[in-house]
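Working through the structure, step by step
Read off the chains here:
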Amino acid sequence: MDHVDRILAQWSRERPDLDVAPMGLLGRFGRLRAHLAREIERVLAEHGLSRASFDVLATLRRSGAPYRLSPGDLLAATMVTSGTMTNRIDQLEKTGMVERVQNPGDGRSVLVGLTPKGLAAVEEAVTAHVENQHRLVEALSPAERQELDSLLRKLLATFE
């Protein structure tokens, strides 16, 4: 029995009229999310990054060379508010990881791009991040990972 099982047993005892099975599933999602977030943040911190800064750097890196996006494109890719994105860009610019450059296609706007320092940082961090992700799911066989991924995709599709 895990922590969630104990909670479910208590509710089943106190309210046998309720089907609390979804509570177990969602409770485990929440607890698992917290554990995974801690482990991911620990690895990113070892590379001098927060989850927020890594999110911006990784978005720029996976966009392909020359690793530049408009603030609006960054905003759409990361799903945060414009104020939050501006703050993230400002902080990364202060550390020399990104720079704002004039958009060659539209002189009225800017693009946010990785600097050589930012590119080096994200390359190192993403390698460690992916290794960590493999470690975090190693309790599941490849077939179990595939099955869980399929089920989560199906559930997520109902919201997106």
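If you look the protein up in an unreviewed UniProt entry, it shows as MarR family transcriptional regulator from Mycoplana dimorpha.

**Some remarks on the packing of helix H3 (residues 51–62) against helix H6 (residues 116–136)**
Two elements in contact, H3 and H6, have axes separated by 10 Å at closest approach and are oriented at 100°. It follows that H3 is roughly perpendicular to H6 by the angle criterion. Residues Phe54, Leu57, Ala58 and Arg61 of H3 form the contact with H6, whose participating residues are Leu119, Val122, Glu123, Ala125, Val126 and His129. Class assignment for the residues of the contact of H3 with H6 results in seven nonpolar, one polar and two charged.

**Side note on the pairing of strand E3 (residues 110–114)**
Most of E3 sits inside the fold, with four of its five residues counted as buried. Sheet topology places strand E1 (residues 68–69) next to E3; two bridges connect them, and they run antiparallel. Bridge assignment links arginine 68 to a residue of E3, and that residue is glycine 113. Pairing of strand E2 (residues 98–102) with E3 involves five bridges; the strand directions are antiparallel. What sits directly across from valine 101, in E3, is leucine 111.

**Some remarks on the environment of glutamate 46**
Its place among the elements puts glutamate 46 in the loop between helix H2 (21–45) and H3. Between the C-alpha atoms of glutamate 46 and proline 104, which are 58 residues apart in sequence, the distance is 36 Å. Within polar-contact distance, the side chain of glutamate 46 engages the side chain of arginine 42 at 2.9 Å.

**With respect to the pattern of salt bridges**
Taken as a whole and judged by the stated rule, the model has 13 salt bridges. One salt bridge connects glutamate 14 with arginine 13, and the closest N-O pair in it is separated by 3.0 Å. A salt bridge links arginine 100 to glutamate 93, with the nearest nitrogen and oxygen atoms 2.4 Å apart. The exposure class of arginine 100 is partly exposed, given its relative accessible area of 31%. Each of Glu39, Arg42, Glu46 and Arg135 takes part in one network of salt bridges that share partners.

**Things to note about the domain arrangement of the protein**
Annotation of the protein at the domain level lists domain 1 (1–47) and domain 2 (49–157). Look at where the C-alpha atoms of domain 1 and domain 2 centre, and you get two points 28 Å apart. Taken residue by residue, the interface counts eleven residues in domain 1 and 13 residues in domain 2. Of the roughly 1,100 Å² buried between domain 1 and domain 2, counting both surfaces, carbon and sulfur atoms make up 68%. Among the residues domain 1 hides against domain 2, the three largest losses belong to Ile40, Leu44 and His47. Together they make up 55% of the total. Counting every contact that joins domain 1 to domain 2 gives one salt bridge. With its nearest N and O atoms 2.6 Å apart, the salt bridge here joins glutamate 39 to arginine 135. Our count for the domain 1 to domain 2 interface comes out at six residue pairs in polar contact (both at pLDDT 80 or more). In the side of domain 1 that touches domain 2, the residues fall into seven nonpolar, one polar and three charged.

**Observations concerning the UniProt feature "domain: HTH marR-type" (unreviewed entry) in the protein**
The UniProt record annotates "domain: HTH marR-type" (unreviewed entry) at residues 22–157. Here residues 22–157 runs as 69% helix and 9% strand, with 18 Å between its end C-alpha atoms.

**As for H2**
In this model H2 runs 36 Å from its N-terminal to its C-terminal C-alpha over 25 residues, within 8% of the 36 Å that 1.5 Å per residue would give. Of all the positions in H2, only Gly24, Ala37, Ile40, Val43 and Leu44 are classed as buried. Where the residues of H2 are buried, they touch helix H1 (3–14), H3 and H6.

What counts and how
Residues numbered from 1 in each chain as written. Predicted model: local features only at pLDDT ≥ 70, side-chain atom pairs only at ≥ 80, totals over all residues. Heavy atoms only, no water. Axes fitted to C-alpha atoms, helices over the stretch in contact; angles between N-to-C directions. Helix = DSSP H or I, 4+ residues; strand = E, 2+ residues; numbered from the N terminus. Parallel < 35°, antiparallel > 145°, perpendicular 65-115°, else oblique. Contact = heavy atoms within 4.5 Å. Nonpolar A, V, L, I, M, F, W, Y, C, P; charged D, E, K, R; others polar. Buried < 20%, exposed > 50% of the residue type's maximum accessible area, 1.4 Å probe, protein only. Pairing = 2+ DSSP bridges. Polar contact = N/O pair within 3.5 Å; in protein donor to acceptor, adjacent residues only side chain to side chain. Salt bridge = Lys/Arg side-chain N within 4 Å of Asp/Glu carboxyl O. Domains from an automatic or database assignment. Buried area = accessible area lost by both parts, 1.4 Å probe. UniProt positions renumbered as here; feature names shortened; annotations may be inferred. Expected span 1.5 Å × (residues − 1).

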